[in-house]
Amino acid sequence: MSKEVECGGWAAKDASGVLAPFKFPRRAPRPTDVKFKITHCGICHTDLHLIHNEWGSSKYPMVPGHEVVGLVTELGPGAKKFKVGDHVGVGCMVFSCLKCDHCKHGDEQYCDKLVWTYNSEEDGKITMGGYSGFLVADEKFVVRVPDNLPLDAAAPLLCAGITVYSPMKHFGMTQAGKNFGVVGLGGLGHMAVKFGKAFGMKVTVISTSPSKEKEAREVLGAHNFIVSKDSAQMKKAAKTMDYILDTVSAPHPLDALLELLKIDGKLVMVGLPDKPLELPAGVIIFGRRSLAGSFIGSIRETQDMLDFCGKNNVTSMIELVPMDYVNKAMERLRKSDVKYRFVLDVEKTLKP
């Protein structure tokens, strides 16, 4: 049994979701482990759901955070992928069984025994996330962050970024010149727009909020913008899209979105509405269209994404905040009052 080292962070003690300073033990590095000092950690909407036990699966005390980046400080004797000082990151998972078909084929995010970065169990203990001073994880689940990417703006790539990049690669949404629709312009949506642009596609943002058009076009560089509540705009855009990536987590109709697709078009969902959506069979059948889903991404895909981001200078648009602002950030996140991702400045503001 490896020794433990005390770590400081911020934790929720119960379903009130109030985060406060907290000390807890982390394991000392095992033979293939990487220990790294956390410099920044993104705040994901999942964190908000879990600190309030909105999915009924929360374990307390809870240290959230699965968009974690920092600098390697220590390596186990068998760890070979990194060296001290490297820029690294950990996303949503820190281990899996490594034996099932999913793991063998490099899709460990679908492993039934997946160990989440926080609110999971490993060796009989609850895993604690990145709202903390350092992290220890097996090198198989640690990824390299390109040196040219600023760590703060790279942090959300570990969840928001990979969640949209994985389906784009898997379903072929990477062809230059194709028409690519992005539903929703939040943390996931703005990354999908950036990737779509980097792949050379013609990007259309589809949103219920007309107020987002200026930013979509002028800041993110979207080619087109459609207000989904405007039936005239939706009708005009019918059968113009090759692909649509739906990032919206609120219940919403799918029939009008599917009608935007050309014959053989694909709509892929990465948002997770809390209520069942109606599936209009006719609009799929008569257009030979596909409706699919995707869940985060594998370690291999995450590294591929980070390398792509390094080559194309793609990062998330963030608001950097100190640790003691985290509860206020959660309140604002609930109201969607952020463009587009809060990131905690752990290194400079987490008090010992």
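Residues numbered from 1 in each chain as written. Predicted model: local features only at pLDDT ≥ 70, side-chain atom pairs only at ≥ 80, totals over all residues. Heavy atoms only, no water.

### Looking at the sheet that holds strand S14 (residues 224-227)
Item 1. Spatially, the six strands line up as an open sheet ordered S14-S13-S12-S15-S16-S17, and their pairing is parallel. In the strand order of this sheet, the two ends are held by S14 and strand S17 (290-293), each with one partner. Neighbour-to-neighbour, the strand axes of the sheet open up by a mean angle of 20°, direction not taken into account.
Item 2. Alignment of strand S13 (residues 202-207) against S14, held across four bridges, turns out to be parallel. Across the sheet, residue Ser-207 finds its bridge partner in S14, namely Val-227. (Pairing = 2+ DSSP bridges. Helix = DSSP H or I, 4+ residues; strand = E, 2+ residues; numbered from the N terminus. Axes fitted to C-alpha atoms, helices over the stretch in contact; angles between N-to-C directions.)

### Focus: unusual backbone geometry
Item 1. With an omega dihedral of -5°, the bond running from Tyr-60 to Pro-61 counts as a cis peptide bond.
Item 2. Along the chain, the position of Pro-61 falls in the loop between helix H1 (45-51) and strand S4 (68-75).
Item 3. A cis amide bond links Lys-339 with the next residue in sequence, Tyr-340, at an omega value of -10°.
Item 4. As for its position among the elements, Tyr-340 is in the loop between helix H11 (326-334) and strand S19 (341-344).

### Quick look at the domain arrangement of the protein
Item 1. When cut into domains, the protein gives domain 1 (5-159 + 317-345) and domain 2 (161-293).
Item 2. Here domain 1 and domain 2 have C-alpha centroids that lie 29 Å from each other.
Item 3. Between domain 1 and domain 2, the residue contacts involve eight residues of the former and 12 residues of the latter.
Item 4. Buried area between domain 1 and domain 2, summed over both chains or domains, comes out near 910 Å², and the portion from carbon and sulfur atoms is 54%. (Domains from an automatic or database assignment. Contact = heavy atoms within 4.5 Å. Buried area = accessible area lost by both parts, 1.4 Å probe.)

### Quick look at empty space enclosed by the protein
Item 1. Counting across every chain of the model gives one cavity of 30 Å³ or more.
Item 2. Looking at the largest cavity, its volume works out to about 80 Å³.
Item 3. Lining the largest cavity, in full, are Val-90, Gly-91, Cys-92, Met-93, Phe-141, Val-143, Leu-158, Ile-162, Ile-296, Gly-297, Ile-299 and Thr-302.
Item 4. Taken together, the residues of the lining of the largest cavity sort by class into nine nonpolar, three polar and no charged. (1 Å grid on protein atoms, 1.4 Å probe; cavity = no way out; pocket = protein on both sides within 12 Å on 5 of 7 lines; lining within 4 Å. Points joined across faces, edges and corners; volume = space filled by probe spheres on them. Nonpolar A, V, L, I, M, F, W, Y, C, P; charged D, E, K, R; others polar.)

### Overview of the packing of helix H4 (residues 160-170) against helix H10 (residues 299-312)
Item 1. Viewed as axis vectors pointing N to C, H4 and H10 meet at an angle of 100°, and their least axial separation amounts to 10 Å. Classed by the angle they form, the pair H4 and H10 counts as roughly perpendicular. Within the contact between the two elements, H4 uses Gly-161, Ile-162, Tyr-165, Ser-166 and Lys-169 and H10 uses Glu-301, Thr-302, Asp-304, Met-305 and Phe-308.
Item 2. For the contact of H4 with H10, the residue count by class is four nonpolar, three polar and three charged. (Parallel < 35°, antiparallel > 145°, perpendicular 65-115°, else oblique.)

### Examining the layout of surface pockets
Item 1. The space that makes up the second largest pocket amounts to roughly 420 Å³.
Item 2. Every residue lining the second largest pocket is counted, 20 residues in all, and those nearest its centre are Pro-25, Arg-26, Arg-27, Lys-125 and Ile-126.
Item 3. Of all the elements, strand S2 (residues 19-27) adds the most residues to the lining of the second largest pocket, at five residues.
Item 4. For the lining of the second largest pocket, the residue count by class is 10 nonpolar, three polar and seven charged.

### Some thoughts on the nonpolar core
If you look at soluble globular proteins, the nonpolar side chains tend to sit buried side by side.
Item 1. Phe-180 and Phe-195 are the most contacted members of the largest nonpolar core, which has 48 residues in total.
Item 2. Sorting the residues of this core by element identifies helix H3 (151-154), H4, strand S12 (179-183), helix H5 (187-198), S13, S14, strand S15 (241-246) and H10 as the ones contributing at least two each.
Item 3. The two domains that each donate at least three residues to this core are domain 1 (5-159 + 317-345) and domain 2 (161-293).
Item 4. Grouped together as the second largest cluster of nonpolar side chains are 43 residues, Leu-19, Ile-43, Val-88 and Val-338 included. (Core = buried A, V, L, I, M, F, W, Y, C linked by side-chain atoms within 4.5 Å. Buried < 20%, exposed > 50% of the residue type's maximum accessible area, 1.4 Å probe, protein only.)

### Focus on the packing of aromatic side chains
Item 1. What the rule picks out here adds up to nine aromatic pairs.
Item 2. Judged by centre distance (5.2 Å) and plane angle (65°), the ring pair of Tyr-165 and Phe-195 falls under edge-to-face. With Tyr-165 in helix H4 and Phe-195 in helix H5, this pair connects stretches of sequence that are 30 residues apart.
Item 3. With relative accessibility at 2%, the residue Tyr-165 sits in the buried group.
Item 4. Across from the ring centre of Phe-134, 4.5 Å away, lies the NZ or CZ of Lys-35, which sits over that ring. (Phe/Tyr/Trp six-rings, centres within 6.5 Å; stacked < 30°, edge-to-face > 60°. Lys NZ or Arg CZ within 6 Å of the ring centre and 35° of its normal.)

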